[in-house]
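Structural characterization, general
The residues making up each chain are set out below.
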Amino acid sequence: MTAPRPVQETAAMIRAGEESAVEVLEHHLAVIDAGEESIHAFNLVMGDSARDRARAIDAQVAAGEDPGPLAGIPVALKDNLCTRGVPTTCSSRILEGWRPPYDATVVTRLADAGAVIIGKTNMDEFAMGSSTETSAFGTTCNPHDLTRVPGGSSGGSAAAVAAGFAPLALGSDTGGSIRQPAALCGVVGMKPTYGTVSRYGLVAFASSLDQIGPFATSVADAALLFDVIGGHDPLDSTSLNRPTPRVLSVLDEGVDGMTVGVLTEFLDGADPDVVARVNQAAEALAAAGARIEEISVPEVALGLSAYYLIAPGEASSNLARYDGVRYGVRVDAEDTVAMNTATRTAGFGAEVKRRIMLGTYVLSAGYMDAYYNQALRVRTKIIEGFATAYARCDVLLGPTAPTTAFAIGAKVDDPLTMYLSDVCTIPTNLAGHPAISIPFGPGDDGLPIGVQLLGPALSEGTLFQVAAVVEAAAPALRVPRITTGAPS
Amino acid sequence: MTEPARLTREDVAHVAALARLHLSDEELDLYTGQLAQVLDHAADVASLDLAGVVPTAHAMAVTNVMRLDEPRPCLDRDEVLGQAPSVEDHRFRVPRILGEAP
Amino acid sequence: MTTEWQMVIGLEVHCELKTATKLFCGCPNVFGDEPNTNVCPNCLGLPGSLPVLNQQAVELAMAIGTALHCEIRPSTFHRKNYFYPDQAKDYQISQYDEPINVNGHLDLPDGFRVGIERAHMEEDTGKTSHAGASGRIHGADYSLVDYNRSGVPLVEIVSDPDMRTADQARAYVTELRAILVASGASDGKMEEGSMRVDANVSVRRTVDDPFGTRCEIKNLNSVRSLGRAIEYEAGRQIALIESGERVIQQTRHWDEGAGRTEALRSKEDAYDYRYFLEPDLVPLVPDAEWIRAVGDTLGMMPAARRSRLAALLDDAGGMTDAQRDQVTTVVDLGLDDLVVVAVAAGVGSGLALARTANEAATDADAARVLDPKSYVELLTLEAQGSLSATQAKSVLADLLAAGGGDPAAIARDKGFEAMSEDSLADTVAQAVADNPDEWSRFCEGDDKLAGFFTGLVMKATKGQANGKAVAAELRRLRG
Ligand SMILES: [Mg+2]
Ligand SMILES: [Zn+2]
């Protein structure tokens, strides 16, 4: 496959007036036109506003101004990022028609960097899912095989980038919702350290775990996007008020002298072809000068259980506001309790209801300590376990997901099995750490496999540095048949 | 830590009411089974002896985040009310409220 | 009803903080604006919005803690989850098991000490109004919600169940209000809802019995209602027990018109608030330096202010009971600085206290912002005899209405030209001449007639004569 042109190059050409933002946009809109019907990556393609925006970027360039590092670059947004005046649904009926009166901080930062928002991507309803099948607006298909899921919950963003609909996209990652679909769709996806990217304007799923991060076709493109969206935001109290690592500038620094730990717990339940790819990536890192070690962090085995107590607990509270009073859909009834109930019963899908009830249960009187508080103690143990590992290793290596993309419908009626597909991504969220998924060749079925690099808090620089070396050694993937290639 | 009792159909009906969700009889059965399965899986966590371990609610230890007491622009009222399912007299209209606020 | 019955009373006071903006967003914290104009994504609970803590609200909470002798501690915020249409997020952010202020006390003016369990921060809800004949929630066809108050900062002050009489409860709320005003934390306006009191009341047969089952009374909008409600509720509980029934723990509503408490009708019989740590906010860890800095900015508390006034009167020979009440009034209204300034300028403490407690107090809001210089000038004119008491009161009313001014000029404009001694002497002489019988009785020692002649002079001068000057002139003529 011919690699898409680096975003930095495209932006440089647009800034130099050698290519117009309108041309770049029209190319992507044409690709969407050709492929969206079969993939359904978007809840909304913003053709008109994107064209206005691209023309404005070109006008800025013509006037001698610099629109910024993402000048004229189309970016797709997960549909849980608030966009002023533009429907933001979280792929839920309950928010159908809602137009936020404000922009998320990341949306403002993209605008300030010259990006062109091309559309809002499909997702699991309120980001609850691992396959994008819980969307109220239909599932998204994996561009590599339309009978397979794209992963989730940011499946629309992953599929959009994989299909060439947009060179960049944003997703949110609460338990793997960027990295797992990135792996399944064969693109790069990264979950930043908790607090490095503002959550202001990200519709909350589980507030202590949610982070926004980039999707791209290359490590360098992801780095560029991360540098644009990261940094302190006074509108988010959990935003870290300290220098955010800049990653683009350190990409070429190599791995010589680094120690990479292969995380044995993550290999345990993974398919053999996935394990083989992880080992191949480890060999490539060794060849580039890293020391490879097998390392065990037994506590991560508890991550899945802890996550499915903590995340639903927070979600049950975060989703209480969808009550039919102030915005969104209402189903009318005699009294307010009945109206709330009718609205929520009609407005939420099965997975959301499942998690709301699970979360309500674990927070309720009598169960709080046995479940929710206990899960928070496990969280402490997981952080301690990682700390022991990072005392010896710079980064950890493992698979992103235990399998390649599974068939649409295969797990949708079996929540626990579905939850297990997040087993390798969840511990990072519980610890608040960064991690990145890099495509690393096809599996036995020809579908993409992702390898994951994990690091301690604020180690984004190191992660991207190692990721660049992994990427350079990655076996080629089959071109998704929908993709028609980048403009040349 | 002793494991809590197994989730019952009544528990699910109770949390559904707390969460303002209505479940049909079939749904009650379905969700009771599914949620019990997830909680059974969580038994590995619930049964651990973690006495003395401090719970982590925030992964990053940050304290004292505040803003100055300075007004910021409010939203345009028409824009706000324009999103509401029902409005009267510049207020959000809701059906009868049966009980006082707790 | 047997005499040994004893009431046990604990009070929960919600106090709105006097900040410019709300607790977690930059919307203005003002009373009485057009509905839904002071709202933003946060206080409307819009998806994706996040709270950011107001530093001024924290410092006012710390000031309250300091004034109530609390321990100021590291604290956290929790979510209290319940559905209600005035609660924009369907949870309230409130301090739960780690409040900022704990273990304080408040001393009533008579020295009785009431323990303060905690004083914690939380956000207010929006306001519902009910459409229908009664205007009340029951029987309403539907309701309307205004979120202007949503997110307004509150401090909830929870007393220990230390009070034993309705009078103590009244005194506690009065003193607490004065402390909140003095600390600058609140305007203490119960009628605008910026101070709201809930009372927990139980009864027991003797002081040695354990506490009885308590009821919580809500909707107490004045100190008067508080006292009435407690008396009623205690009587209700005693009657129940004496007739062999049990008191059921419940929340009751005070019906001011009917003069009784009624059980609240609540949809859900038991609430399960599912408190958990608010993940969108981080812990608050005030260090000693910050706590000290806030304490340093704290004004003088009411008890100290009362002692200060008492000392001024002691210098002048001690306090009468009436003056003791005046001192309390002046301090409660935050007007004691006016007295202190006037006395320092040479005005007698009795006059300064009386004018402040009786006249300035009638418009305390205006008096608090009155230029003290004008006030001192006015009292000086009165003390010197250049203005009569009636004239001084009239000028003061103008000063309060205008927020200040030159008292002498106002007096001139009103025609209160101080009377020259000559013209006063002429008027007195005329009155004497017109009433020879009364004059001779006065000369024979009937002092009551001084009032008769003063009255005539006042009538003749339309109240402009100074009473003391008239008396002096009468004594001089009598020889
Ligand atoms: Mg409260
Ligand atoms: Zn606001």
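Note that this is a predicted model, so its numbers are computed, not measured.

Focus on the overall build of chain C
- Assigned secondary structure in chain C consists of 16 helices and 15 strands.
- For chain C, buried positions account for 53% of its 479 residues.
- Considering only residue pairs separated by 6 or more positions, chain C has 70% of its internal contacts joining residues 24 or more positions apart.
- With an accessible surface of roughly 19900 Å², chain C has 49% of that area assigned to carbon and sulfur atoms.
- Looking at charge distribution, chain C has the averaged site of its 48 positive side-chain charges lying 3 Å from that of its 73 negative ones.

Looking at the overall build of chain B
- When you go through chain B residue by residue, the secondary structure sums to four helices and three strands.
- For 102 residues, the compact-globule formula gives about 13 Å, and the C-alpha radius of gyration of chain B, at 22 Å, lies well above that figure.
- The buried share among the 102 residues of chain B stands at 46%.
- The long-range fraction of contacts in chain B, counting pairs at least 24 apart against all pairs at least 6 apart in sequence, stands at 42%.
- Carbon and sulfur atoms form 50% of the exposed surface of chain B, whose accessible area is close to 5200 Å².
- Between the mean site of the 9 positive side-chain charges and the mean site of the 18 negative ones, chain B shows a separation of 10 Å.

What about the interface of chain A and chain C?
- If you look at the interface, chain A gives 39 residues, while chain C gives 29 residues.
- The junction of chain A with chain C conceals about 2600 Å² of combined surface from both sides, 59% of it contributed by carbon and sulfur atoms.
- The largest share of the area that chain A buries against chain C comes from A:Ser237, A:Arg321 and A:Arg326, three residues that together contribute 23% of it.
- The interface formed by chain A and chain C holds two salt bridges in total.
- Measuring nitrogen to oxygen at the nearest pair gives 3.7 Å for the salt bridge that ties A:Arg326 to C:Asp90.
- At the surface where chain A touches chain C, the tally comes to 17 residue pairs in polar contact (both at pLDDT 80 or more).

Some details on the coordination of the zinc ion (ligand 2)
All names here are of chain C.
- Within the protein, Cys25 (SG), Cys27 (SG), Cys40 (SG) and Cys43 (SG) serve as the donor atoms for the zinc ion (ligand 2), at 2.3 Å.
- Bound by four donor atoms, the zinc ion (ligand 2) shows angles of 99 to 117 degrees at the metal and therefore tetrahedral coordination geometry.
- Between consecutive donor residues of the zinc ion (ligand 2), the sequence gaps follow C-x1-C-x12-C-x2-C. Grouping residues by exposure puts cysteine 25 and cysteine 27 together as buried.

Some details on the side chain of A:Thr425
All names here are of chain A.
- Position of threonine 425 relative to the elements: it lies in the loop between helix H14 (415-420) and helix H15 (426-431).
- Within polar-contact distance, the side chain of threonine 425 engages the backbone oxygen of aspartate 422 at 3.0 Å.
- Setting aside chain neighbours within four positions, we find threonine 425 in contact with Gly175, Gly176, Arg179, Gln180, Thr400 and Gln452.

A closer look at unusual backbone geometry
- Backbone torsion omega between A:Gly152 and A:Ser153 reads 10 degrees, so that peptide bond is classified as cis.
- In this structure, C:His69 is a non-glycine residue whose phi angle is positive, near 60 degrees.
- Following the sequence through the fold, C:His69 ends up in the loop between helix H1 (55-67) and strand S3 (71-72).
- If you check the backbone angles, C:Asn103 has positive phi at about 55 degrees while not being a glycine.
- Among the secondary structure elements, C:Asn103 is positioned in strand S6 (residues 101-107).
- Taking relative accessible area as the criterion, C:Asn103 reaches 56% and is therefore assigned exposed.

A word on the nonpolar core
- Ranked by internal contacts, the top residues of the largest apolar core, which has 105 residues, are A:Phe126, A:Tyr322, A:Phe348, A:Met357, A:Leu396 and B:Phe92.
- Counting residues per element, this core draws most heavily on helix H13 (residues 368-392) of chain A, which supplies 10 residues.
- What A:Tyr322 contacts, discounting residues up to four positions off in sequence, is A:Ile94, A:Leu95, A:Phe126, A:Val203, A:Tyr327, A:Arg344, A:Phe348 and C:Pro47.
- C:Leu11, C:Met163, C:Tyr172 and C:Val173 belong to the second-largest nonpolar core, a separate cluster that totals 63 residues.

Some points on the sheet that holds strand S2 (residues 87-88) of chain B
- Spatially, S2(B)-S3(B)-S9(C)-S8(C) is the arrangement adopted by the four strands of the open sheet, whose pairing is antiparallel. Two strands bound the open sheet, and with one partner strand each, they are S2 of chain B together with strand S8 (127-131) of chain C.

Description of the interface of chain A and chain B
- Taken residue by residue, the interface counts 69 residues in chain A and 52 residues in chain B.
- The contact between chain A and chain B buries some 5300 Å² in all, and 67% of this surface belongs to carbon and sulfur atoms.
- In this structure, the connection of chain A to chain B is made through two salt bridges.
- Here B:Arg96 ties to A:Glu334 by a salt bridge, and the two come within 3.5 Å at their closest N and O atoms.
- Seen at the junction of chain A and chain B, the total is 19 residue pairs in polar contact (both at pLDDT 80 or more).
- Of all elements in the fold, only helix H10 (303-318), helix H11 (336-347), helix H12 (350-363), H13, H14 and H15 of chain A reach the threshold of two or more residues within the side of chain A that touches chain B.
- At 13 residues, the largest contribution of residues to the side of chain A that touches chain B is made by H13(A).
- Counted by class, the side of chain A that touches chain B contains 37 nonpolar, 16 polar and 16 charged residues.

Concerning the pairing of strand S7 (residues 259-263) of chain A
All names here are of chain A.
- Among the five residues in S7, five count as buried, and that is most of the element.
- Where burial is concerned, the two faces of S7 agree: the one with Thr259, Gly261 and Leu263 and the one with Val260 and Val262 are both buried.
- The pairing of S7 with strand S8 (residues 291-295) spans five bridges and is parallel. Within S8, the position partnered with valine 262 by the bridge is glutamate 294.
- Pairing between S7 and strand S9 (residues 395-399): three bridges, direction parallel. By the bridge assignment for S9, glycine 261 is matched with leucine 396.

Let's talk about the sheet that holds S9(A)
Residue and element names in this part refer to chain A.
- Pairing within the open sheet is mixed, and its 11 strands lie in the order S1-S3-S2-S4-S6-S5-S10-S11-S9-S7-S8. Each edge of the open sheet is held by one strand with a lone partner, namely strand S1 (42-45) and S8. Averaged over all pairs of adjacent strands, the angle between their axes in this sheet comes to 25 degrees, without regard to strand direction.
- Where strand S2 (residues 74-78) meets strand S3 (residues 116-121), five bridges bridge the pair, whose relative direction is parallel. Note on S3: the bridge partner recorded for leucine 77 is lysine 120.
- Where helix H2 (residues 21-39) meets the sheet, it contacts S1, S2 and S3, and its direction lies at approximately 20 degrees from that of S3.
- Lying on the sheet, helix H3 (residues 47-62) is in contact with S1 and S3; it crosses S3 at an angle near 160 degrees.

Quick notes on the packing of aromatic side chains
- If you walk through the whole model with that rule in mind, you get 25 aromatic pairs over all chains.
- Ring geometry for C:Phe24 and C:Phe77: centres 5.7 Å apart, planes at 80 degrees, overall edge-to-face. You can see C:Phe24 sitting in the loop between strand S1 (6-16) and strand S2 (53-54) and its partner C:Phe77 sitting in the loop between S3 and strand S4 (78-81), a full 53 residues away along the chain.
- With relative accessibility at 3%, the residue C:Phe24 sits in the buried group.
- Accessibility expressed as a relative area gives 3% for C:Phe77, which makes it buried.
- Geometrically, the ring pair formed by C:Tyr96 and C:Tyr275 is stacked, given 3.7 Å between the ring centres and 5 degrees between the ring planes. Residue C:Tyr96 is located in the loop between strand S5 (91-94) and S6, and its partner C:Tyr275 is located in the loop between strand S14 (260-263) and strand S15 (276-277); the two are separated by 179 residues in the primary sequence.
- Grouping aromatic residues by their ring pairs yields a cluster made of A:Trp98, A:Phe126, A:Tyr322, A:Tyr327 and A:Phe348.
- Of note, A:Lys411 hangs over the ring of A:Phe406, and the distance from its end group to the ring centre comes to 4.1 Å.
- Sitting over the face of the ring of C:Phe442, C:Arg478 holds its NZ or CZ atom 4.3 Å from the ring centroid.

Things to note about the domain arrangement of chain C
Residues and elements named next belong to chain C.
- Taken domain by domain, chain C consists of domain 1 (6-296), domain 2 (302-413) and domain 3 (421-478).
- One C-alpha centre belongs to domain 2, the other to domain 3; they are set 29 Å apart.
- At the interface, six residues of domain 2 touch four residues of domain 3.
- Summed over both sides, the interface of domain 2 with domain 3 buries roughly 310 Å², with 33% coming from carbon and sulfur.
- Counting across the interface, domain 2 meets domain 3 through zero salt bridges.
- Viewed at the interface, domain 3 and domain 2 are joined by zero residue pairs in polar contact (both at pLDDT 80 or more).
- Looking at the side of domain 2 that touches domain 3 residue by residue, the classes come out as one nonpolar, four polar and one charged.

Conventions used here
Residues numbered from 1 in each chain as written. Chains lettered and ligands numbered in written order. Predicted model: local features only at pLDDT ≥ 70, side-chain atom pairs only at ≥ 80, totals over all residues. Heavy atoms only, no water. Helix = DSSP H or I, 4+ residues; strand = E, 2+ residues; numbered from the N terminus. Buried < 20%, exposed > 50% of the residue type's maximum accessible area, 1.4 Å probe, protein only. Contact = heavy atoms within 4.5 Å. Areas by Shrake-Rupley, 256 points an atom, 1.4 Å probe, with all protein chains shown as cover. Lys, Arg positive; Asp, Glu negative; His and termini not counted. Charge placed at Lys NZ, Arg CZ, Asp CG, Glu CD. Rg over C-alpha atoms; globule rule 2.2 N^0.38 Å. Buried area = accessible area lost by both parts, 1.4 Å probe. Salt bridge = Lys/Arg side-chain N within 4 Å of Asp/Glu carboxyl O. Polar contact = N/O pair within 3.5 Å; in protein donor to acceptor, adjacent residues only side chain to side chain. Donors = N, O, S within 2.8 Å, 3.2 Å for Na, K, Ca; no water. Tetrahedral: all angles 85-135°; square planar, octahedral: opposite > 155°, others 65-115°. Core = buried A, V, L, I, M, F, W, Y, C linked by side-chain atoms within 4.5 Å. Pairing = 2+ DSSP bridges. Nonpolar A, V, L, I, M, F, W, Y, C, P; charged D, E, K, R; others polar. Axes fitted to C-alpha atoms, helices over the stretch in contact; angles between N-to-C directions. Phe/Tyr/Trp six-rings, centres within 6.5 Å; stacked < 30°, edge-to-face > 60°. Lys NZ or Arg CZ within 6 Å of the ring centre and 35° of its normal. Domains from an automatic or database assignment.

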